[in-house]
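Given next are the chains, with one letter for each unit.
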Amino acid sequence: MKILVVDDSSAMRMMVVRTLRQAGFGGNDVEQAEDGAAALEQIRKSTPDLVLADWNMPNMTGIELLEALRAEENDVTFGFITTESTKEMRQRATDAGAQFLISKPFTTESFEKVLSTVMN
Amino acid sequence: MGAMTSNRETWPTVIDGFDGITRIWDPRNNLCAAKILPGEYYVTRQHEIITTVLGSCISACIRDPLSGVGGMNHFMLPGDTSKSLSQWGGGECMETRYGIAAMEMLINDIIKQGCRKDRLELKLFGGGKVLAMDVNNVGERNIEFARQFVRAEGFAIAAEDVGGPHPRKVNFFPRTGKVMIRRLRSLQTQAIVDQEKSYESDLASNERPGEIELFD
């Protein structure tokens, strides 16, 4: 399985990758992108099985990435990992076709719970 | 607009979302000051002070020199003493998620005001070893995390005053970038330590799986 982690903070990307490993998803091919625009390029070349994206990022935000992907009829499994999650954000995420949202700071347990559900 | 006075009606407006932060009048500087407590942060576009008192906690003062928008946080990592100092930072230790979240929230809110991340100027303060019997060296761990985070994110540290045995009062002027540090006497240490301890136990008791939501 291929997982793409999209976050403008490299410290946060490292943390997500480590948490994936601790949640039992370490055996997968994990790639990284530093913003929505870079992620969109990468996904166009090769669609992963799962995208884990931050919401607030320069160049192209996480929600803009998701909306761009759905506009291109790409239905990759997509979840947000974000510090901010207002009602409006959750609504926009659902409308755009996101599968889940995890709030930061997150734990290994939250990754286990969500990923075991969406990846089955 | 007239000059700022102790009358709150003359104080600059607060960015949405920061209404919960207490502001006080600073007669010495003739400016209002947003006073942040452990776990809080504040961002402003205005000429005002952001102030806090640090024991072993860390504050990052971050600003965009072009627009004068800036902010400050106040955080610590809960003290898991089973980890060696070298394991801190860089995502190698789960406790650092609190620090990463504190830094990220501050940086995101500054960027939302229209500032570019690569233009931001960063200063670090705190991480004192304020109690002689603090064998866990919480302050040093906090400093180590902050430095590793800053390095990983590609920021340069424009200035810092960290470590040492003193608690500190920090006054940050985001508009100019000036930071004034006052090292506090040991008389005040216990109250600061108590406040940080209560923040740390809040972190520990709020230990819950990061909130999750599965959409249909």
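Residues numbered from 1 in each chain as written. Chains lettered and ligands numbered in written order. Predicted model: local features only at pLDDT ≥ 70, side-chain atom pairs only at ≥ 80, totals over all residues.

A.B. asks: Please clarify how the overall build of chain A should be interpreted in this entry.
C.D. replies: A tally of helices and strands in chain A yields five helices and five strands. For chain A, the sequential pattern of α-helices and β-strands runs β-α-β-α-β-α-β-α-β-α. Taking 2.2 N^0.38 as the reference for a compact globule, 120 residues should give roughly 14 Å; the C-alpha atoms of chain A span a radius of gyration of 13 Å, in line with that estimate. Referenced to the eigenvectors of the C-alpha coordinate spread, the extents of chain A come out at roughly 35 × 35 × 30 Å. The contacts in chain A between residues at least 6 apart in sequence include a share of 62% that link residues at least 24 apart. (Helix = DSSP H or I, 4+ residues; strand = E, 2+ residues; numbered from the N terminus. Rg over C-alpha atoms; globule rule 2.2 N^0.38 Å. Contact = placed C-beta atoms within 7 Å.)

A.B. asks: For this particular structure, what's the right way to read the interface of chain A and chain B?
C.D. replies: How large an interface is tends to be reported as the accessible area lost when its parts come together. The partner chain B presents 22 residues to the 28 residues of chain A that form the contact. Looking at the side of chain A that touches chain B, the elements that each hand over two or more residues are helix 1 (10–25), helix 4 (87–96), strand 5 (100–103) and helix 5 (108–118) of chain A. Tallying contributions element by element places helix 1 of chain A first for the side of chain A that touches chain B, with six residues. Residue composition of the side of chain A that touches chain B, by class: 13 nonpolar, 10 polar and five charged. Where strand 5 of chain A lies against strand 11 (residues 212–214) of chain B, three bridges are found, and the strand directions are antiparallel. Looking across to strand 11 of chain B, one finds that F100 of chain A is bridged to L214 of chain B. (Nonpolar A, V, L, I, M, F, W, Y, C, P; charged D, E, K, R; others polar. Pairing = 2+ DSSP bridges.)

A.B. asks: Can you help me understand the sheet that holds strand 2 (residues 31–35) of chain B in this one?
C.D. replies: To summarise the sheet geometry, strands pair through backbone hydrogen bonds and adopt either a parallel or an antiparallel arrangement. Residues and elements named next belong to chain B. One open sheet accounts for five strands, arranged 1-2-4-9-10; its pairing is mixed. If you trace the sheet from one side to the other, it starts and ends with strand 1 (22–26) and strand 10 (178–183), each paired once. For this sheet, the mean angle separating the axes of adjacent strands, direction not counted, is 25°. Bridge count for strand 4 (residues 49–54) against strand 9 (residues 168–173) is five bridges, and the pairing is antiparallel. Opposite T51, over in strand 9, you have N171 as the bridge partner. (Axes fitted to C-alpha atoms, helices over the stretch in contact; angles between N-to-C directions.)

A.B. asks: Is there a simple way to explain the packing of helix 1 of chain A against helix 1 (residues 96–111) of chain B in this structure?
C.D. replies: A pair of packed helices can be characterised by two numbers: the angle between their axes and the separation between those axes. For the pair helix 1 of chain A and helix 1 of chain B, the least separation of the axes is 10 Å and the interaxial angle reads 145°. Considering only the axes of helix 1 of chain A and helix 1 of chain B, their crossing is left-handed. Across the interface between the two elements, A11, M12 and M15 of chain A of helix 1 of chain A pack against R97, I100 and E104 of chain B of helix 1 of chain B. Here the residues of the contact of helix 1 of chain A with helix 1 of chain B sort into four nonpolar, no polar and two charged. (Left-handed = near helix turned anticlockwise from the far one by under 90°.)

A.B. asks: Where do I start with the pairing of strand 3 (residues 41–44) of chain B in this structure?
C.D. replies: Regular strands show a simple pattern: their side chains alternate between the two faces of the sheet. Residue and element names in this part refer to chain B. Side chains of strand 3 alternate between two faces, with Y41 and V43 and Y42 and T44 buried alike. Note: strand 3 against strand 6 (residues 70–73), four bridges, orientation antiparallel. Along strand 6, the bridge assignment pairs Y42 with M72. (Buried ≥ 20, exposed ≤ 12 C-beta atoms within 10 Å, placed from the backbone.)

A.B. asks: Explanation requested: the nonpolar core in the structure shown.
C.D. replies: Note that soluble globular proteins tend to have their nonpolar side chains buried in a common cluster. One finds V6 and L52 of chain A together with A60 and L106 of chain B to be the most contacted residues of the largest nonpolar core, which totals 80 residues. With eight residues, the single largest contributor to this core is helix 1 of chain B. Residue contacts for L106 of chain B: discarding those within four places in its chain leaves Y41, V43, A60, I62, G71 and N73 of chain B. (Core = buried A, V, L, I, M, F, W, Y, C linked by C-beta atoms within 7 Å.)

A.B. asks: Explain the environment of F149 of chain B here, please?
C.D. replies: Mapped onto the elements of the fold, F149 of chain B is located in helix 2 (residues 138–153). Residues F149 of chain B and M103 of chain B lie 46 residues apart in sequence; the distance between their C-alpha atoms is 8.6 Å.

A.B. asks: What's the story with the sheet that holds strand 3 of chain B in this structure? I'm lost.
C.D. replies: Residue and element names in this part refer to chain B. One open sheet accounts for five strands, arranged 3-6-5-7-8; its pairing is mixed. Among the strands making up the open sheet, the edge pair consists of strand 3 and strand 8 (157–162). Sheet twist, expressed as the mean angle between neighbouring strand axes with direction ignored, is 10°. Looking at chain direction, strand 5 (residues 58–63) and strand 6 are connected through three bridges and run antiparallel. Paired with R63 across the two strands is G70, which belongs to strand 6. Contacts from helix 2 reach strand 5, strand 7 (121–126) and strand 8, with the element oriented near 25° to strand 5.

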